[in-house]
Number of protein chains: 2
Amino acid sequence: MRMEGPERRYAILAEGRFTDGNAKTAHGLIRYGKDEIVCVIDSKLAGKTVRSTMPHLERDAPIVASFAEALEHSPTSILVGVAPAGGKLPMEWMELLRSAADSGVEIVSGLHQRLAPEFPGANVWDVREPPEELPLFSGEGFDVEPKVALTVGTSAAIGKMTASLEIERAARKSGLSTEFAATGQTGIVIAGWGISVDAVVSDFIAGASEQLVLEAAKTSPDLILVEGQGSLGHPAYSGVTLGLLHGSCPDAIILCADASTDAIMAGVPRPKPSLAARLYEEVAALVKPAPVVAVSVNTRGLSDEEANSFVAKISSETGLPAADPFRGSAAPILDAVSKAPKAKPLRV
Amino acid sequence: MRMEGPERRYAILAEGRFTDGNAKTAHGLIRYGKDEIVCVIDSKLAGKTVRSTMPHLERDAPIVASFAEALEHSPTSILVGVAPAGGKLPMEWMELLRSAADSGVEIVSGLHQRLAPEFPGANVWDVREPPEELPLFSGEGFDVEPKVALTVGTSAAIGKMTASLEIERAARKSGLSTEFAATGQTGIVIAGWGISVDAVVSDFIAGASEQLVLEAAKTSPDLILVEGQGSLGHPAYSGVTLGLLHGSCPDAIILCADASTDAIMAGVPRPKPSLAARLYEEVAALVKPAPVVAVSVNTRGLSDEEANSFVAKISSETGLPAADPFRGSAAPILDAVSKAPKAKPLRV
C-alpha cells in the first residue's frame, strides 16, 4: 500500500481548468505534497506561473502549454489533476498521456475511470484502485501505539482533508512526527500512499481503515492524522463515514464545520455542530470511546471579522476549542489533540 | 434486479452439512421461500426427509445421495446451500455442479467465490454479485408511497432476516400485501431478487438500498420489509448498517435483540437495547426521522418460561412492544409497525 522508491517529480495536467475550481487534486498536491512539482500543463495559462495565478498554493512552478514542453522539465510522473468536463477523457488528453507513457513517464490518476487498462504496459498509478486483498476489521487497530486523530464533518466536502493536513503542518512545526493516513484520491496523491475507502467493497470499509492506521503506525509517529470522509448525516456517504470512524479506532475526533446553512442534500438539513459532535462521540463509543476535542471551522467566503465571530460562536455553542486552520492557525486544534489522552478500548 | 420468469424448482446441495448448523441458506429457502423444493442432496442423510431431520423448516422434501437422483425430481435449479468447509469448493462439488450445468440446470450460489467464471456458458446466478450500474443515493426513496420497515440489531447475526420474514408472514396472514427487500445472500435466494449490500462498492451502499426500496414499491404493497445487515455497534459492518439505514428511508425501525451477553467482538460489548434503540433513532433522524417501534427478541436456547420473562424484561427496559416472532407470534411487532404513521422526510 505504501509506495517505495524515490520521490516523484510531477508534471500536473490541468488543461483549461487550473484556476476554475475543479483542480482540487492539483492544488492539494502543490500546497501539501512532498513531491517536487516541475510544471503545470494548461495551455490557457501558458507562460504564467502557479504563484502568479494561485498564490495561496505557496509553491511555485511554471505553467506550460504542452507535454512536449513539460518533458523539458524532466518529470517522473504526470498527474491527471482535474476531472475532464464531460466525465470521459477527451481524445487530446488520451494522446498526451500516451506520449507520456511512451516517454517512460508514470501516469498518476485519481479519476473514477481506471487508466491502467487504457495504457497497457505503461506505468500507471490509479489512485482510487483499492488493494486487492483487504481483510475484515480485526480489532488490531485497538492496540496501535501512536495517538490517532480523525477528522469528521457536519457535512461532506467541508474541508476535512485540508484540516487534517493543516494540523499535520502545525504538528511538524512544533516538532512532532506525524503520519497522514489518506482515504481519498487527493489525499492519496499528496501522501503518496493510502486507500480510497469509498472505492472498497462495503464489507471492507472498516478493515481498510484499520489497515491504513496499522501501516501509518509502522514509523512510530507521535501522531497519526486520518483523513475523514463524508458525514454521519450525509445519506449517500454515511456508511463510509461510520466504517472509517470505527475502523480507524481514533483517540481524538476533530469536527469540521462551516458557515453554510445549505441542506446536505435536498431534504436533509445540516446538523448543528453540537448535535453532530455528540452523535459522533456516542456512535464511536459503541466501539471505542473517543472525544470530539475541537472544531475546525471552514470560514471560506467570510470577512476576517465575520470569520472570527463565527469561530467564537461555534466554540461557545459546542464548548470546544475552535479555529480555522486554513485562514489562521491550527495550533488551538493541535493543542486540544495533544492534550487528549490515548483513548482506552472498552475491553479489559 | 428482480428476476423474471416462472418460479424455480430447487434441488439443494447441502452435502454432509444439512443439519450441522452451516446450512442457513438452505434452511431459509425451505422455510421462507416461495419456490418449490424438490429435494436436498446430502449423502449422509439420504433416504430421510427434511421434516424428519429439521421439523421447524415446515416444508418437506426427500433427501437424496447424488445429483443423478436429484435429477429424477426435475429441478430447474440447484442451490449451493452450504459453504464448503475449507472455503473453496471441493472437487466433488465442482463435478456435481458441472453435471448440473450439462443437464441445463441453473446453478444458484450465495458464496463469496463467484461461480459464473467457473462454469462458462452455464446458467449461473451468483446471488452476491451486485448489479453493474448502481446510482448514488438520490433522495427518491423519500417519496416512496408504501410504508417501509427496517430491521436493525444490537449485534450482527442476531436474526434480522428471520424477524423480517416472520413479520412478513404475519402481515400476509392478516391480509396485507408485502414486499421483502432482501439485502443478503440468504434473503435474496428466498425472495428471488435483491442486492447483497455488503458486496457493493462503499460509495453505493445507500444508493443500492434506495434502489431496492424503489423496486419493491413498484407493486404498491401495503408494507415493504427491508432486511437489515450488521449492527451500528459492530465495527466490521457498521458502515453497511448505516448506509442501509439511511438509504432505505424507513418509516419504522424494528430492533432485533437477543439474550446473549457475549461481546460483539473482542473488546466491543453489546449495547443495551435501550441505548441501541435511541442511537438508531437519532442517527436515522439526521436524514429522515423514524421511530424504533418494537423489539424482536431472539430467545433461542432459553426455556419457554425464561423466554417469556426475557421478552417482558426487554419490553419494560425499552418501553416498547417486544416479542419473539420465531418462537411465538410476530403479531405484536406487526401491530406496532401498522400503528406507526408513514414518516415525513425533513424537507418541506
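Residues numbered from 1 in each chain as written. Chains lettered and ligands numbered in written order. Predicted model: local features only at pLDDT ≥ 70, side-chain atom pairs only at ≥ 80, totals over all residues. Heavy atoms only, no water.

Considerations on the overall build of chain A
Working step 1: Along the backbone of chain A there are eleven helices and twelve strands.
Working step 2: Each of the three principal axes of chain A carries a C-alpha extent, and together these read 60 × 50 × 45 Å.
Working step 3: When the 348 residues of chain A are sorted by exposure, 59% land in the buried category.
Working step 4: Taking contacts inside chain A between residues at least 6 apart in sequence as the whole, the part at least 24 apart equals 72%. (Helix = DSSP H or I, 4+ residues; strand = E, 2+ residues; numbered from the N terminus. Buried < 20%, exposed > 50% of the residue type's maximum accessible area, 1.4 Å probe, protein only. Contact = heavy atoms within 4.5 Å.)

A closer look at the sheet that holds strand β1 (residues 9-13) of chain B
Strand pairing within a sheet occurs via backbone hydrogen bonds; the two strands may be parallel or antiparallel.
Residues and elements named next belong to chain B.
Working step 1: The parallel open sheet is built from six strands, whose spatial order is β3-β2-β1-β4-β5-β6. Strands at the two margins of the open sheet, each flanked by one partner only, are β3 (63-64) and β6 (124-126).
Working step 2: In terms of strand pairing, strand β4 (residues 77-80) meets strand β5 (residues 106-109) through four bridges, oriented parallel. Bridging across to β5, L79 finds its partner in V108.
Working step 3: Here helix α1 (residues 24-32) sits on the sheet in contact with β1, β2 (36-41) and β4, set at roughly 155° to β1.
Working step 4: Most of the contacts of helix α4 (residues 91-102) go to β4, to which it runs at about 160°, and overall it touches β1, β4 and β5. (Pairing = 2+ DSSP bridges. Axes fitted to C-alpha atoms, helices over the stretch in contact; angles between N-to-C directions.)

As for the relation of the copies chain B and chain A
Working step 1: Least-squares fitting of chain B to chain A yields an RMSD of 0.0 Å, with the superposition described by an axial translation of 0.0 Å and a rotation of 180°. Taken together, these values place the two copies in the relation of a two-fold axis.
Working step 2: A share of 100% of the interface residues of chain B reappears at the interface of chain A, consistent with the copies meeting face to face through the same patch. (Least-squares fit on C-alpha atoms with pLDDT ≥ 70 in both.)

Topic: helix α5 (residues 160-173) of chain A
Residues and elements named next belong to chain A.
Working step 1: In a regular helix each residue adds 1.5 Å, so 14 residues correspond to 20 Å; α5 covers 20 Å between its end C-alpha atoms and thus fits that length.
Working step 2: Within α5, ten of the 14 residues are buried, which leaves it mostly tucked inside the rest of the structure.
Working step 3: For α5, the set of buried residues is K160, M161, A163, S164, L165, E166, I167, E168, A170 and A171. (Expected span 1.5 Å × (residues − 1).)

Observations regarding the interface of chain B and chain A
How big an interface is tends to be stated in terms of the accessible area lost upon association of its parts.
Working step 1: Contacts between the two partners involve 42 residues from chain B, matched on the other side by 42 residues from chain A.
Working step 2: Surface buried jointly by chain B and chain A totals about 3,300 Å² across both partners, of which 64% is contributed by carbon and sulfur atoms.
Working step 3: Among the residues of chain B in contact with chain A, B:S202, B:D203 and B:L286 are the three that bury the most area, contributing 18% of the side total.
Working step 4: Where chain B packs against chain A, one counts two salt bridges.
Working step 5: A:R278 is the partner of B:E282 in a salt bridge, and the nearest nitrogen-oxygen pair spans 2.6 Å.
Working step 6: At the surface where chain B touches chain A, the tally comes to ten residue pairs in polar contact (both at pLDDT 80 or more).
Working step 7: Residue assignment for the side of chain B that touches chain A shows that the elements contributing at least two residues are α7 (205-217), α8 (238-247) and α9 (273-285) of chain B. (Buried area = accessible area lost by both parts, 1.4 Å probe. Salt bridge = Lys/Arg side-chain N within 4 Å of Asp/Glu carboxyl O. Polar contact = N/O pair within 3.5 Å; in protein donor to acceptor, adjacent residues only side chain to side chain.)

Quick look at the environment of B:A330
Residue and element names in this part refer to chain B.
Working step 1: Inspection of the secondary structure puts A330 in the loop between β12 (322-323) and α11 (331-339).
Working step 2: The spatial distance from the C-alpha of A330 to the C-alpha of I167 is 5.4 Å, given a sequence separation of 163 residues.
Working step 3: Filtering out sequence-adjacent residues up to four positions away, A330 remains in contact with E166, I167, A170 and P325.

What to know about the packing of α7(B) against α8(B)
The relative placement of two packed helices comes down to the angle between their axes together with the axis-to-axis distance.
Residues and elements named next belong to chain B.
Working step 1: It is the contact of α7 with α8, at a shortest axis distance of 8 Å, that shows an interaxial angle of 45°. Judged on the interaxial angle alone, α8 and α7 are oblique. When the axes of α7 and α8 are compared, the crossing they make is right-handed. Between α7 and α8, the contacting residues are I205, A206, S209 and E210 on the first element and G239, V240, G243, L244 and G247 on the second.
Working step 2: Grouping the amino acids of the contact of α7 with α8 by side-chain chemistry returns four nonpolar, four polar and one charged. (Parallel < 35°, antiparallel > 145°, perpendicular 65-115°, else oblique. Left-handed = near helix turned anticlockwise from the far one by under 90°. Nonpolar A, V, L, I, M, F, W, Y, C, P; charged D, E, K, R; others polar.)

Notes on the environment of B:E305
Residues and elements named next belong to chain B.
Working step 1: One can find E305 in helix α10 (residues 304-318).
Working step 2: On the basis of relative accessible area, E305 is assigned to the exposed category, the value being 66%.
Working step 3: With ten residues separating them along the chain, E305 and V295 place their C-alpha atoms 18 Å apart.

Quick look at unusual backbone geometry
Residues and elements named next belong to chain A.
Working step 1: Phi at C249 is positive, roughly 50°, even though this residue is not glycine.
Working step 2: Structurally, the position occupied by C249 is in the loop between α8 (238-247) and β10 (252-258).
Working step 3: Owing to a relative accessible area of 2%, C249 belongs among the buried residues under this scheme.

A few points about the sheet that holds strand β2 (residues 36-41) of chain A
Residues and elements named next belong to chain A.
Working step 1: Within the open sheet, the six strands sit side by side as β3-β2-β1-β4-β5-β6. Their pairing is parallel. If you trace the sheet from one side to the other, it starts and ends with β3 (63-64) and β6 (124-126), each paired once.
Working step 2: Pairing analysis gives three bridges linking strand β5 (residues 106-109) to β6, with the strands arranged parallel. Counterpart to V108 in the pairing with β6 is W125.
Working step 3: Against the sheet, helix α1 (residues 24-32) engages β1 (9-13), β2 and β4 (77-80), with an angle of about 155° to β1.
Working step 4: Lying on the sheet, helix α4 (residues 91-102) is in contact with β1, β4 and β5; it crosses β4 at an angle near 160°.

What about the pairing of strand β8 (residues 178-181) of chain A?
Residue and element names in this part refer to chain A.
Working step 1: Burial along β8 is two-sided: the face carrying T178 and F180 and the face carrying E179 and A181 are both buried.
Working step 2: As paired strands, β8 and strand β9 (residues 223-226) are joined by four bridges and run parallel to one another. Bridge pairing in β9 links T178 to L223.

Some thoughts on the nonpolar core
Grouped burial of nonpolar side chains is what soluble globular proteins tend to show.
Working step 1: Core analysis: the largest hydrophobic core is formed by 138 residues, its most contacted members being A:Y10, A:I12, A:F18, A:I78, A:L97, A:I224 and B:I224.
Working step 2: Every residue in contact with A:I78, bar those within four places of it in the chain, is listed here: A:Y10, A:A11, A:L13, A:I41, A:F67, A:L96, A:L97, A:A100, A:V105, A:E106, A:I107 and A:V108.
Working step 3: Ranked by size, the runner-up nonpolar core spans 52 residues in total, among them B:A14, B:L45, B:M54 and B:V64. (Core = buried A, V, L, I, M, F, W, Y, C linked by side-chain atoms within 4.5 Å.)

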